[in-house]
Amino acid sequence: MKKTLSLIAAAMLLVGGVAFAEEAMLIDFTQLEKDAVANEEGQQTQNGRTTIDFSVSAGATFTSQQKSLMKTSLALTEWEVKLNSSAKNVASLADSQVVAAPVKGTADVPFAGKEVMGVRVVFPTWNSNANALIVPPFDIPAYEPLSSVDADGNRTKLAEGEDTSAYNVANNPSYEGTLFEGGFGVVKNVGTIKSISVTTMGMNFPHGLYVHLTDNDGIDRRYFMGYLGFDGWKTLTWNNPQYIAEIRNREIRVYPIYPRGTPFVKFSGFEITRDASHIGGDFIGYFKDVKIIYDKALLTSDRDIADEDLWGIITKKETARQAAEMAKFGNKQVNRYLEKAKLATETEFTSSLNPDSDSNAQKNAGQAADAK
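The present account deals with the structure reproduced in this document. (Residues numbered from 1 in each chain as written. Predicted model: local features only at pLDDT ≥ 70, side-chain atom pairs only at ≥ 80, totals over all residues. Heavy atoms only, no water.)

1. Some points on the side chain of D215
Here is step 1: Within the secondary structure, D215 sits in strand β15 (residues 208–215).
Here is step 2: Within the structure, D215 has its side chain in polar contact with the side chain of R221 (distance 2.7 Å).
Here is step 3: Setting aside chain neighbours within four positions, we find D215 in contact with R221, F264 and V265. (Helix = DSSP H or I, 4+ residues; strand = E, 2+ residues; numbered from the N terminus. Polar contact = N/O pair within 3.5 Å; in protein donor to acceptor, adjacent residues only side chain to side chain. Contact = heavy atoms within 4.5 Å.)

Here you go:
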């Protein structure tokens, strides 16, 4: 199949005189409902579109039944809250969590009746600077190939030439057909980011909100969105103070057309910051989505020679990166599975006494109950 190749947008901008900015949905939490992989009670536990099977990294010591349970996804209940050292204690680690929060059907918002991300963070009650990261259960893969999934979370490669446009749920303009595009955490072909927005419901907390994004070089950057000291739904926006809209004032760089991997950004989490002078204790927040406005890094064109079909350089690079991402993800998830398997399931002790015994303790308890 003939591949689309790339030209740097900067070279084309010299002609246009204006920046070609695009808007894209980076991640939409209302799309992460549980719709696959039922448990023993018949309840769905994972989000089918984002389900990943990490049993490929589990080794040969696990049974087929154990490997069938080694699936996870971006379902909201799978997300984690990571506290910094100033905020860590037994109570905060136990109670800080992410849940799926249903929005009332009568709410005056376009996503009424759907589930958004609900976050609870237990900050210290004493004067202490603290922060919490809300992160996905795994590093979102940027190169995972698009595939279909069945009710049990088993993935199947798409047929050659199959139309993939229906998988672009968020209708992102730079959609290239990988699994986590379309509003599931990855946007491809991103050059300079102009703006970032977060749709969130404030609860009058004075805490700060950051968005963390990771680029194709593996560099994590955080963007300050503002403070959450308001009530109700609101769109918080970060505008790039170094964005130059006038093309004549930009530093133009021209790169070789082939081979270059497509630049991308992926969502790596939220950060909630609590100042020592502000109220501590429980923080509650709700998040609907994260969007970006960006300049395209590359303009696509259909060239006379299919360079990628001939040389295969980009495919080889992306395959290696995908393998590295899956190995890192799989080892982490296997360790979590092992730790979960070791958890104590007992809720109370087995009595060493005969329940029908006429022990003094039981007699005394009966006499006390009769006295009441």
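On we go.
2. Focus: the environment of L236
Here is step 1: Residue position: L236 is located in strand β17 (residues 231–239).
Here is step 2: With 12 residues separating them along the chain, L236 and F224 place their C-alpha atoms 9.6 Å apart.

3. Some words on unusual backbone geometry
Here is step 1: Phi at V37 is positive, roughly 60°, even though this residue is not glycine.
Here is step 2: In this structure, V37 sits in strand β3 (residues 36–38).
Here is step 3: Phi at N204 takes a positive value of approximately 65°, unusual for a residue other than glycine.
Here is step 4: With respect to the helices, strands and loops of the structure, N204 is situated in the loop between β14 (190–203) and β15.

4. Some thoughts on the packing of aromatic side chains
Both the distance between ring centres and the angle between the ring planes are used here to describe each pair of aromatic rings.
Here is step 1: A complete count under the given rule lists 13 aromatic pairs for this structure.
Here is step 2: Judged by centre distance (4.4 Å) and plane angle (25°), the rings of F270 and F287 are stacked. Linking F270 in strand β18 (residues 264–274) with F287 in strand β19 (residues 281–296), this pair joins segments that are 17 residues apart in sequence.
Here is step 3: Positioned above the aromatic ring of Y210 is the side chain of R222, whose terminal nitrogen or guanidinium carbon lies 4.0 Å from the ring centre.
Here is step 4: Over the ring of F230 we find K234; its NZ or CZ atom is 4.9 Å from the centre of that ring. (Phe/Tyr/Trp six-rings, centres within 6.5 Å; stacked < 30°, edge-to-face > 60°. Lys NZ or Arg CZ within 6 Å of the ring centre and 35° of its normal.)

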